[in-house]
2 protein chains.
Amino acid sequence: MTIQPAVFFSLLLASLSLPSFSLTPPSEKFRAADWAVLHSSRSDQRHVSSRGIVQTMLEKLRPACEFSPDMAPKDFPAWREKVRKAMQQLMKFPPQADIPAPVLVKTVPREHYRVEKWEAYPFPGAAVPFLVLLPDNASDKNPVPVLFCIPGSDQTKEELAGETSPDLDQPSVQQPGNNAMAFHYVRQGWAAIVVDNAGTGEEGDAEHAAGRSSHDYENLARFLLEMDWSWLGYTSYADQCILDWVKTRPWAQKNHIILSGFSLGTEPMMVLGSLNPDIFAFVYNDFLCRTLERAKTMTMPNGRGVRSAPNSIRHLIPGFWKQFDFPDIVAALAPRPVICTEGGLDRDFQLISAAYRMAGAPDHFQYHHQPRFADPAQRWHGSQLPAGLDRDAFFRFANVDPRNHFFKKDLVIPWLKTLLDKSDNKN
Amino acid sequence: MTIQPAVFFSLLLASLSLPSFSLTPPSEKFRAADWAVLHSSRSDQRHVSSRGIVQTMLEKLRPACEFSPDMAPKDFPAWREKVRKAMQQLMKFPPQADIPAPVLVKTVPREHYRVEKWEAYPFPGAAVPFLVLLPDNASDKNPVPVLFCIPGSDQTKEELAGETSPDLDQPSVQQPGNNAMAFHYVRQGWAAIVVDNAGTGEEGDAEHAAGRSSHDYENLARFLLEMDWSWLGYTSYADQCILDWVKTRPWAQKNHIILSGFSLGTEPMMVLGSLNPDIFAFVYNDFLCRTLERAKTMTMPNGRGVRSAPNSIRHLIPGFWKQFDFPDIVAALAPRPVICTEGGLDRDFQLISAAYRMAGAPDHFQYHHQPRFADPAQRWHGSQLPAGLDRDAFFRFANVDPRNHFFKKDLVIPWLKTLLDKSDNKN
């Protein structure tokens, strides 16, 4: 029961010369296209294959918190609260009693701003480092907007800050690239907080010592899941502890705390956005898709008969699909401003736009397609993706351009400036 | 957020020539032994690494339903009931209302017995096949003991039955090997029920058509987990529906229904054993270990800095480790007879033996070490495994001999005969 099956069976086969377990010989030539869609070959249409049965379950699944554009506007706040409650239950944050306050570890001056390295203590026996980039204009008497920056997969807080060493001892990057999100924000005169995702950068394990540039999230995610938690719950909880502290900083404009997530970082961003109604606005720097639909439709097997996996178990939150899909969560951020910078399906953007109209803030949702899909003729306009897709086909349908995946400062910063200017004029 | 990170980053690196995310260059030579145990390099002993933090959580975890040999014997039934309730909650069986009765599909005669192929309908749109091997001596007037057989990983019900084709059209195996568990049982004059594990054999997907002999459980397990279920919950539920039907068969001795699990099959066996107090006895044909301890102690990284994974997500049941470890579950089967045939740690067998003594049936628990570990001098006798193990070291400590992993009919059948004889004499 507990030996890795592949290991066990290769041992068994090698040592005992058991016959192969294949009772039916493989057909002359396996044609993946014949298996693209899960269907029953029986006259009663029942599935014998467990994967077929589970596909039926997936297809019947209607998330409890789906956003409906037909909802009466007066019901919108209650629905949004339902999303928040569901998110709260899924994320399983531990009680935050007796958490020591974060401690300042180091400060280094940079041109027009300073970088502070802090440590938070969200768990017993844990020290979670994060960075605060404070522009020279920020002070207790002149509080500034705050950008809470959450990196993508394998990105570190140092990369987002334009720093080259976790101890800040080395000179910063001379001309930081597009992905140095926090650097670009602080240069605007805004404070930037930068966290690492769980298991990444300083929070990583032995992988860097062994010379790898990617991180190992699998065991981390697995152990958390066995303990009834999840990678996203853990990382969002650590972020929440830091965010709670940010809200108490005298140099922070409490009404202008903004969450900015890149790629993987959009997941904790959606969580924190749902759980913190006091957040001002959101930068969603990734393509937007329906994660449940993706799993349902990516059913084309490869040449070995293996259908696509949706992604790693770092993204697995037990019960998530029963509650909502990603566009529902973004819709529930309304009326708070959101910018989506890397496209997706117009169908989903229209859904979210309907939520913003319902919430009385039609201008607060902005989205941009990737240049490759800027022309509507290049985009697919159906209402439901077909089954039988492989990864490439899914990306093509979903208007995903992986080669153009970076922090879109030239879209984000002007949008934020306009928002903050308007908000200042109102105040 | 939703693109497979490895794919994404190889694309990014290839197309944009971003700098590596490794901020610290790898040391000259990575020495895995330096990383064998997760420890903090800080003077305050706090972990910065998320894996280190999670390791601390694992080490603090005390399962709620741990068996304690110091328990007062009068409290044993209540503890056992607590285990059953916890198992029930973890397995999340759907309500079994409106399930059509199984249907007989085919009967073929074999020497001294017949094989029936049946279908159960545990889910809407599903047909789950199983086999019934009935000895010629079984009848409504002469009910017989029943062996409910659950295969190991990649084993099929046909293999356990000594059959060569799912439609039973081909001749059966002339001289079935050791693993033909159901065949060996029916030859004793007992009825044998044989199920497939979810995703295996006829319940498999495209993998066999593509010529593979192993099965794909990963997406199946993943999708069930996303829907707040698990592979083990699903497969045990299907087994439960079949077991419920078995309990109503006129040819079955209701007081002599026995569960027999091989390897992976011991997991559903433990589930069904916990949930069905009317089961007479259990064959546990695998080594026994503590799955939580295994995960905690297998911390030695490989040359790429990756620590061992406990096993595939087919074994993942969210929250399981918070409730019990495997020996606790076996202990809670007391006083019902159990035989463990492939060894493990004496420490764990002593724990279970204590439970059997407490339940007033010291002779009802029998265990056998693998021949390689028959000599106590070959076995480790500590109370807690050390951290820093790799897979081989863990197997050595746990007295696991993968090359000798097969159905131990020569131990099991005499044990069952004695049990049944005694039980008959009592009745």
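In this report, we go over the structure that sits alongside the text. (Residues numbered from 1 in each chain as written. Chains lettered and ligands numbered in written order. Predicted model: local features only at pLDDT ≥ 70, side-chain atom pairs only at ≥ 80, totals over all residues. Heavy atoms only, no water.)

**Examining the pairing of strand β3 (residues 128-135) of chain B**
All names here are of chain B. Most of β3 sits out of view: eight of its eight residues are buried. Burial of β3 is two-sided: the residues Val128, Phe130, Val132 and Leu134 facing one way and the residues Pro129, Leu131, Leu133 and Pro135 facing the other way are all buried. Where strand β2 (residues 113-120) and β3 come together, eight bridges link them in antiparallel fashion. Bridged to Ala120 within β3 is Val128. (Buried < 20%, exposed > 50% of the residue type's maximum accessible area, 1.4 Å probe, protein only. Helix = DSSP H or I, 4+ residues; strand = E, 2+ residues; numbered from the N terminus. Pairing = 2+ DSSP bridges.)

**As for the interface of chain B and chain A**
Contact with chain B, which involves 121 residues of that partner, is made by 121 residues of chain A. Run the count over chain B and chain A and you get four salt bridges. Measuring nitrogen to oxygen at the nearest pair gives 2.6 Å for the salt bridge that ties A:Arg307 to B:Asp205. Taken together, the connections running from chain B to chain A amount to 28 residue pairs in polar contact (both at pLDDT 80 or more). Ranked by residue count, the leading element in the side of chain B that touches chain A is helix α2 (residues 50-60) of chain B, at eight residues. Class assignment for the residues of the side of chain B that touches chain A results in 61 nonpolar, 33 polar and 27 charged. (Contact = heavy atoms within 4.5 Å. Salt bridge = Lys/Arg side-chain N within 4 Å of Asp/Glu carboxyl O. Polar contact = N/O pair within 3.5 Å; in protein donor to acceptor, adjacent residues only side chain to side chain. Nonpolar A, V, L, I, M, F, W, Y, C, P; charged D, E, K, R; others polar.)

**Things to note about the nonpolar core**
Core analysis: the largest hydrophobic core is formed by 174 residues, its most contacted members being A:Phe67, A:Phe148, B:Phe67 and B:Phe148. Those residues in contact with A:Phe148 that lie beyond four places of it in its chain are A:Ile193, A:Val195, A:Asp239, A:Ile242, A:Leu243, A:Val246, A:Ile258, A:Leu259, A:Ser260 and A:Leu272. (Core = buried A, V, L, I, M, F, W, Y, C linked by side-chain atoms within 4.5 Å.)

**Details of the side chain of B:Gln370**
Residue placement: B:Gln370 occurs in the loop between β9 (365-367) and α13 (391-397). Here B:Gln370 is in contact with B:Glu342, B:Gly343, B:Asn399, B:Asp401, B:Asn404, B:His405 and B:Lys408, once residues within four sequence places are set aside.

**What to know about unusual backbone geometry**
A negative phi angle is the norm for most residues apart from glycine, just as the trans form is the norm for most peptide bonds. A cis amide bond links A:Ala334 to the next residue, A:Pro335, at an omega of 5 degrees. For A:Pro335, the position within the fold is in the loop between α11 (326-331) and β8 (338-340). Look at A:His112: it is not a glycine, yet its phi comes out positive at around 75 degrees. Structurally, the position occupied by A:His112 is in the loop between β1 (103-110) and β2 (113-120). In the Ramachandran plot, B:Asp154 falls in the positive-phi region, its phi being about 70 degrees despite a non-glycine side chain. Take B:Asp154: it is sitting in the loop between β4 (144-150) and α4 (157-161). Since its relative accessible area comes to 6%, B:Asp154 is described here as buried.

**Concerning the pattern of salt bridges**
Inspection of every chain in the model, using the stated rule, returns 54 salt bridges over all chains. For B:Glu226, the salt bridge is made with B:Arg222, and the minimal N-O distance between the two is 3.0 Å. A residue pair is termed a helical-turn pair when its members lie 3 or 4 positions apart in one helix, as B:Glu226 and B:Arg222 do in helix α6 (residues 218-226) at four residues. For B:Glu226, a relative accessible area of 2% gives the class buried. Using a relative accessible area of 3% as the deciding quantity, one classes B:Arg222 as buried. When the shortest N-O distance is used, the salt bridge between B:Arg290 and B:Asp348 registers 2.6 Å. Of this pair, B:Arg290 sits in the loop between β7 (281-285) and α9 (291-297) while B:Asp348 sits in helix α12 (residues 346-358), and the two are 58 residues apart along the sequence. Overall, B:Arg290 belongs to the partly exposed group, its relative accessible area being 22%. Look at B:Asp348 and you get buried, because its relative accessible area is 1%. Taken together, the shared-partner salt bridges connect A:Lys117, A:Lys157, A:Glu158, A:Asp196 and A:Glu202 into one network.

**Description of the relation of the copies chain B and chain A**
Screw-axis analysis of chain B against chain A gives a translation of 0.0 Å along the axis, an RMSD of 0.0 Å, and a rotation angle of 180 degrees. What we have between these two chains is a two-fold relation. Proximity to the rotation axis, assessed at the C-alpha, singles out B:Pro318 in chain B; its C-alpha lies 3.9 Å from the axis. The residues that chain B uses at the interface reappear at the interface of chain A in 100% of cases, marking a shared surface. (Least-squares fit on C-alpha atoms with pLDDT ≥ 70 in both.)

**A short note on the pairing of strand β3 (residues 128-135) of chain A**
Sheet analysis places β3(A) next to strand β5 (residues 191-195) of chain A, joined by four bridges and oriented antiparallel. Looking across to β5(A), one finds that A:Leu133 is bridged to A:Ala192.

**A look at the sheet that holds strand β6 (residues 252-262) of chain A**
Residue and element names in this part refer to chain A. If you walk across this open sheet you meet the nine strands as β1-β2-β3-β5-β4-β6-β7-β8-β9, and the pairing is mixed. Both outer strands of the open sheet, β1 and β9 (365-367), are each paired with one neighbouring strand and no more. Neighbour-to-neighbour, the strand axes of the sheet open up by a mean angle of 15 degrees, direction not taken into account. Direction of pairing for β1 relative to β2: antiparallel, over a ladder of seven bridges. Looking at β2, one finds that Val103 is bridged to Glu119. Contacts between helix α14 (residues 409-426) and the sheet are confined to β4 (144-150), β6, β7 (281-285), β8 and β9, with β7 contributing the most and set at about 175 degrees to the helix. (Axes fitted to C-alpha atoms, helices over the stretch in contact; angles between N-to-C directions.)

**Some remarks on the packing of helix α3 (residues 76-91) of chain A against helix α8 (residues 266-275) of chain A**
Residues and elements named next belong to chain A. Here α3 crosses α8 at 125 degrees, and the two axes come no closer than 9 Å. Compared by their axis directions, α3 and α8 come out oblique. Along this stretch, α3 crosses α8, giving a crossing that reads as left-handed. Within the contact between the two elements, α3 uses Val83, Arg84, Met87, Gln88 and Met91 and α8 uses Met270, Val271, Ser274 and Leu275. Grouping the constituent residues of the contact of α3 with α8 by class yields six nonpolar, two polar and one charged. (Parallel < 35°, antiparallel > 145°, perpendicular 65-115°, else oblique. Left-handed = near helix turned anticlockwise from the far one by under 90°.)

Note that all results are geometric; they support no functional claim without further evidence.
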